[in-house]
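# Structural description and commentary
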Amino acid sequence: MKSSDKAPLGPFLAANPFPRPLTDGLFYREKMRAIHRVAPDTLGAPPGPATVLEIGGGRSGLSALLYPRAHVVTIDLDHLQLVQRPPLQNSSVVCGDACALPFGDATFDAVTMFDVLEHIQDDAKAASEALRVTRAEGWVLLSTPNVDWHYPYHGFMRRWCPPEARLMAEWGHVRRGYSGATLVKLFGGTAERRSSFINPITAFFHDVSFSSLRRRWRTLLYAAAAPATVAAYALHSSAMPGTETAFAWRRR
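This report concerns the structure included in the present document.

Basis of the calculations
Residues numbered from 1 in each chain as written. Predicted model: local features only at pLDDT ≥ 70, side-chain atom pairs only at ≥ 80, totals over all residues. Heavy atoms only, no water. Helix = DSSP H or I, 4+ residues; strand = E, 2+ residues; numbered from the N terminus. Rg over C-alpha atoms; globule rule 2.2 N^0.38 Å. Areas by Shrake-Rupley, 256 points an atom, 1.4 Å probe, with all protein chains shown as cover. Lys, Arg positive; Asp, Glu negative; His and termini not counted. Charge placed at Lys NZ, Arg CZ, Asp CG, Glu CD. Expected span 1.5 Å × (residues − 1). Buried < 20%, exposed > 50% of the residue type's maximum accessible area, 1.4 Å probe, protein only. Core = buried A, V, L, I, M, F, W, Y, C linked by side-chain atoms within 4.5 Å. Arc of directions from axis to C-beta. Contact = heavy atoms within 4.5 Å. Pairing = 2+ DSSP bridges. Axes fitted to C-alpha atoms, helices over the stretch in contact; angles between N-to-C directions.

### Examining the overall build of the chain
- Across its full length, the chain holds 9 helices and 7 strands.
- Taken against the 2.2 N^0.38 rule, which gives 18 Å for 252 residues, the C-alpha radius of gyration of the chain at 18 Å falls within 12% of a compact globule.
- Along the longest, intermediate and shortest principal axes, the C-alpha atoms of the chain span 50 × 35 × 35 Å.
- Carbon together with sulfur atoms contributes 59% to the accessible area of the chain, which is approximately 11,700 Å² in total.
- Separation between the mean location of the 28 positive side-chain charges and that of the 22 negative ones in the chain comes to 6 Å.

See below:
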């Protein structure tokens, strides 16, 4: 039996790129955990390494951290994002368009689209291209905000948080997020695996992280909310309510 291609959960979470991964970056840790939950343990067949296409990976290199034994190709429209990313031994980069992937059919064992589909105007074409370059029985991995995502999650934080529209413009969103039904249409079926993240309690850390509050006040709020947040994070299961979701489709 082939050994796992996927990194163990602990080292993977430890690679969270945020400088304060347990406060400002807790939401990203939640995202990483959800992705790890849905990602299959093995991708390719021996003797060669698995191949992964990371669409819109920018500077994160998340797919290479998730599958350190695989060769990961990252494609992104933003050349600056690609050249600023840290060098990773098992990866290469290509400047290109998710809606016109410069690869042949069935080239990759897995394709990842982590928080990228909501940034693409022609999302149907991007989904079609992702499926096209994935081999039979390969995987498409996705994370995205839910269609009812909103910011701030807690209304009383609105006074200290920038308008949602400003954030969405800064992040380059062309839509808020997705419902499960919309994703079924885009990818031709129900995801084989799914895991929610950022639940109503841990969402408070997300609100504080992107607020305009000074570091001192953010630190105090993090400390006050820490007991409930730690419990909510520890107890969160894949099926619990969350503001965002990770999915995995098997290419049939």
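### Describing helix H2 (residues 26-38)
- Taking 1.5 Å of rise per residue, the 13 residues of H2 would be expected to cover 18 Å, and the 19 Å separating its terminal C-alpha atoms lies within 8% of that figure.
- Burial within H2 is extensive, with 11 of its 13 residues counted as buried.

### Considering the nonpolar core
- Grouped together as the largest cluster of nonpolar side chains are 42 residues, with contacts concentrated most on Phe12, Leu43, Val52, Leu62, Leu66, Tyr67 and Leu141.
- Looking at this core element by element, the count peaks at 7 residues for H2.
- Residues Val111, Ala127, Ala130 and Phe247 belong to the second largest nonpolar core, which totals 28 residues.

### What to know about helix H7 (residues 180-187)
- Every buried residue of H7 is accounted for by Leu183, Leu186 and Phe187. Taken down its axis, H7 places every buried residue within 80 degrees of arc, on the same side. Exposed side of H7, more than 90 degrees from the buried face: Ala181 and Lys185 are the residues found there.
- Lining the buried residues of H7 we find strand E4 (108-114), helix H5 (123-132), strand E5 (134-145) and strand E7 (244-250).
- Positioned one or two residues after H7, Gly188 has a phi angle of 75 degrees, which is positive.

### Things to note about the sheet that holds strand E6 (residues 193-197)
- Read across the sheet, 7 strands follow the order E3-E2-E1-E4-E5-E7-E6 without closing on themselves; strand pairing throughout is mixed. Of all the strands in the sheet, just strand E3 (91-95) and E6 have a single pairing partner and so form its edges. Going from strand to strand, the sheet's axes swing by 15 degrees on average, the running direction of each strand aside.
- Packed on one face of the sheet, H2 meets E4, E5, E6 and E7 and runs near 165 degrees to E6.

### Observations concerning the side chain of Ser211
- Residue position: Ser211 is located in the loop between helix H8 (203-209) and helix H9 (215-235).
- We classify Ser211 as buried; its relative accessible area is 11%.
- Aside from chain neighbours lying at most four places away, what touches Ser211 is Tyr151, Met157, Trp160, Cys161, Pro162 and Arg218.

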